[in-house]
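Examining the three-dimensional arrangement
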Amino acid sequence: MKYTQLGRTGLKVSRLVLGTMNFGPQTDEAGSHAIMDAALDAGINYFDTANVYGWGENKGRTEEIIGSWFAQGGDRRDKVVLATKVYGNMAADGDAWPNHDKLSAVNIRRAVDASLKRLRTDYIDVYQFHHVDRSTPFEEIWQAIDTLVAQGKILYAGSSNFPGYKIAQANETAARRGSYGLVSEQCLYNLAERRAEMEVIPAAREYGLGVIPWSPLHGGLLGGVIRKETAGGRRAGGRSADALANTAVRAQIQSYEDLLDKHGLEPGETALAWLLSRPGVTGPIVGPRTAEQLDSALRAVELELSDEVLASLDEIFPGPGPSPEAFAW
């Protein structure tokens with residue numbers, strides 16, 4: 001495994017981030033524990049989760065599974081850089097109550113204590129805002145975060161799904177307060193979805209945030225869906241199926257897979273390796289449901305894409321270009 005600094009911090013994290021969203025809904029507790037053991041054995045030290053994972057009536061279940069894994073001991077907690085998120089309402093569906101969601105000081109305090117209990121730990125390394133809260137000023141948010149840092153409950157704060165101007169606003173407010181500010185941004189970013197290059201990633205790099213792309217295979221679309229369909233009759237489902245129904249998108253994905261066939265490359269591994277080559281990217285989030293999927297992701301860390309392949313990928317999936325030239329002069 002290769003490691004890098006998380007943004008401007010002194011914290012060293014693996015170039016792959018273990019996503020845990022499938023733990024509970026799709027992978028049972030024993031299988032989730034096995035994947036975390038395998039990830040740690042492979043050198044992955046950055047684990048990402050969120051308080052709402054588990055979803056529906058099982059919100060918080062994913063954190064509980066991670067907590068039961070930590071409870072097995074063996075220096076598991078000490079070896080892991082743990083990131084979780086706050087924003088969503090944790091009440092049972094249909095039973096929402098005021099101040100039980102978003103980023104008010106009241107909810108941040110409530111949510112972090114609940115996450116610590118489920119995770120069976122006394123601190124969270126990176127506490128992330130899962131979405132922007134347009135109703136709560138950053139002065140209030142940073143006051144709450146600074147209190148949690150002083151209490152030793154969290155070490156760093158990060159964002160997820162923030163536009164570029166909110167990253168700037170958050171860290172300018174933090175600077176005025178003498179607070180450390182955001183150290184990471186999780187954004188939707190992959191070969192097929194490159195809009196983050198216009199504003200989000202430049203803002204993150206300007207303010208010293210590590211970029212953590214989520215959905216690196218774009219819901220499986222970049223994982224060889226047409227190849228699988230042709231070889232075994234297995235048709236794409238969900239978001240991938242909807243995308244492939246678009247003739248232009250299907251032609252684009254076919255060109256992608258044809259290019260990789262020409263160079264003897266695996267689609268999923270290539271998509272991850274491309275992200276690892278991008279400026280500002282700390283590491284993509286991989287969310288394996290099985291140990292085999294984890295093995296495939298690990299191979300991407302050692303994959304060096306040639307200049308020819310990188311140029312061809314840019315032709316198939318052109319980025320938006322820099323701001324403001326992408327939309328002005």
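As shown above, the structure is provided for reference.
For clarity, every value in this text was computed on a predicted model and none was experimentally measured. (Residues numbered from 1 in each chain as written. Predicted model: local features only at pLDDT ≥ 70, side-chain atom pairs only at ≥ 80, totals over all residues. Heavy atoms only, no water.)

Quick look at the overall build of the protein chain now. Within the protein chain one finds 13 helices and 10 strands. Here the protein chain has a C-alpha radius of gyration of 20 Å; the compact-globule value for 329 residues is 20 Å, and the two agree. When its C-alpha atoms are laid out on the principal axes, the protein chain stretches across 55 × 55 × 40 Å. Within the protein chain, the fraction of its 329 residues that count as buried is 50%. Across the protein chain, every contact between residues at least 6 apart in sequence was considered, and the portion connecting residues at least 24 apart equals 77%. If the 34 positive side-chain charges of the protein chain are averaged to one point and the 42 negative ones to another, these points end up 3 Å apart. (Helix = DSSP H or I, 4+ residues; strand = E, 2+ residues; numbered from the N terminus. Rg over C-alpha atoms; globule rule 2.2 N^0.38 Å. Buried < 20%, exposed > 50% of the residue type's maximum accessible area, 1.4 Å probe, protein only. Contact = heavy atoms within 4.5 Å. Lys, Arg positive; Asp, Glu negative; His and termini not counted. Charge placed at Lys NZ, Arg CZ, Asp CG, Glu CD.)

Let us look at the pattern of salt bridges. Between side chains of opposite charge, a pair can form when the charged atoms approach closely. Taken as a whole and assessed by the stated rule, the structure comprises 18 salt bridges. For Asp37, the salt bridge identified is with Arg76, shortest N-O distance 3.0 Å. With Asp37 in helix H1 (residues 29-41) and Arg76 in helix H3 (residues 76-79), this pair connects stretches of sequence that are 39 residues apart. Salt-bridge contacts for Arg194 lead to Glu197; the nearest nitrogen and oxygen are separated by 2.9 Å. Three or more residues are tied together by salt bridges with common partners; here these are Arg194, Glu197, Arg278 and Asp314. (Salt bridge = Lys/Arg side-chain N within 4 Å of Asp/Glu carboxyl O.)

Looking now at the pairing of strand S6 (residues 124-129). Counting buried positions over the 6 residues of S6 gives 6, a clear majority of the element. Relative to strand S7 (residues 154-160), S6 runs parallel, the two being bridged by 5 bridges. Paired with Gln128 across the two strands is Gly158, which belongs to S7. Traced from S6 through helix H5 (residues 138-151) to S7, the parallel crossover comes out right-handed. (Pairing = 2+ DSSP bridges. Right-handed = clockwise from strand over helix to strand, strands pointing away.)

This brings us to the side chain of Ser32. Its place among the elements puts Ser32 in helix H1. In contact with Ser32, other than residues within four places in its own chain, are Phe23, Gly24, Thr27 and Ile65.

Right, let's get into the nonpolar core. Within the largest apolar cluster, 78 residues are counted, with the highest numbers of intra-cluster contacts made by Phe47, Tyr127, Phe129, Trp142, Ile145 and Tyr256. Ranked by size, the runner-up nonpolar core spans 12 residues in total, among them Leu6, Val81, Val126 and Ile285. (Core = buried A, V, L, I, M, F, W, Y, C linked by side-chain atoms within 4.5 Å.)

This part covers helix H11 (residues 267-276). Three- or four-residue spacings in an α-helix give side chains the same orientation, since the helix completes a turn every 3.6 residues. The element H11 is largely enclosed, with a buried count of 10 among its 10 residues. Buried within H11 are the following residues: Pro267, Gly268, Glu269, Thr270, Ala271, Leu272, Ala273, Trp274, Leu275 and Leu276. Of the surrounding elements, those touching the buried residues of H11 are strand S9 (210-214), helix H8 (225-232), helix H10 (247-263), strand S10 (285-286), helix H12 (291-301) and helix H13 (307-316).

Attention now goes to the layout of surface pockets. The space that makes up the largest pocket amounts to roughly 1,400 Å³. Taken together, 45 residues make up the lining of the largest pocket; nearest its centre are Leu217, Gly219, Gly220, Gly287 and Arg289. Counting only elements with at least two residues in the lining of the largest pocket, the list comes to H8, helix H9 (238-244), H11, S10 and H12. As a volume, the second largest pocket reaches approximately 200 Å³. In this structure, the second largest pocket is lined by 13 residues; those nearest its centre are Phe162, Cys187, Leu188, Ala196 and Val200. (1 Å grid on protein atoms, 1.4 Å probe; cavity = no way out; pocket = protein on both sides within 12 Å on 5 of 7 lines; lining within 4 Å. Points joined across faces, edges and corners; volume = space filled by probe spheres on them.)

Looking at the element boundaries, Gly60 is found in the loop between strand S4 (46-48) and helix H2 (61-70). Sequence separation of Gly60 and Thr49 is 11 residues, and the distance between their C-alpha atoms is 9.8 Å. Apart from the residues lying within four places of it in its own chain, the contact partners of Gly60 are Asn51, Val52, Tyr53, Met90 and Arg118.

So, on to the sheet that holds S4. Pairing in this open sheet of 8 strands is parallel, and the strands run S9-S8-S7-S6-S5-S4-S3-S10 from one edge to the other. The outermost strands of the open sheet, each flanked by one partner alone, are S9 and S10. Where strand S5 (residues 81-86) lies against S6, 4 bridges are found, and the strand directions are parallel. Residue pairing in the sheet places Thr84 in a bridge with Tyr127 of S6.

With that out of the way, let us pick up the packing of H5 against helix H6 (residues 164-177). Two numbers describe how H5 lies on H6: the axes approach to 10 Å, and their chain directions differ by 60°. In this view, H5 runs oblique relative to H6, as classed from their interaxial angle. Considering how the two elements wind past one another, H5 and H6 form a crossing that is right-handed. Contacts between H5 and H6 involve Phe138, Glu139, Trp142, Gln143 and Asp146 on the former and, on the latter, Lys166, Gln169, Ala170, Asn171, Thr173, Ala174, Arg176 and Arg177. Per-class residue counts for the contact of H5 with H6 are 4 nonpolar, 4 polar and 5 charged. (Axes fitted to C-alpha atoms, helices over the stretch in contact; angles between N-to-C directions. Parallel < 35°, antiparallel > 145°, perpendicular 65-115°, else oblique. Left-handed = near helix turned anticlockwise from the far one by under 90°. Nonpolar A, V, L, I, M, F, W, Y, C, P; charged D, E, K, R; others polar.)

In this section: the side chain of Ser115. Mapped onto the fold, Ser115 is located in helix H4 (residues 105-119). For Ser115, the contacting residues outside a window of four places in its chain are Asn51, Glu63, Thr84 and Ile124.

Looking now at the packing of H4 against H5. Two elements in contact, H4 and H5, have axes separated by 9 Å at closest approach and are oriented at 30°. With respect to H5, the axis of H4 lies roughly parallel. Relative to H5, the crossing made by H4 is right-handed. Contacts between H4 and H5 pair Ala105, Ile108 and Val112 from the former with Glu140, Ile141, Ala144, Ile145 and Leu148 from the latter.

Nothing here speaks to function; it is geometry throughout.
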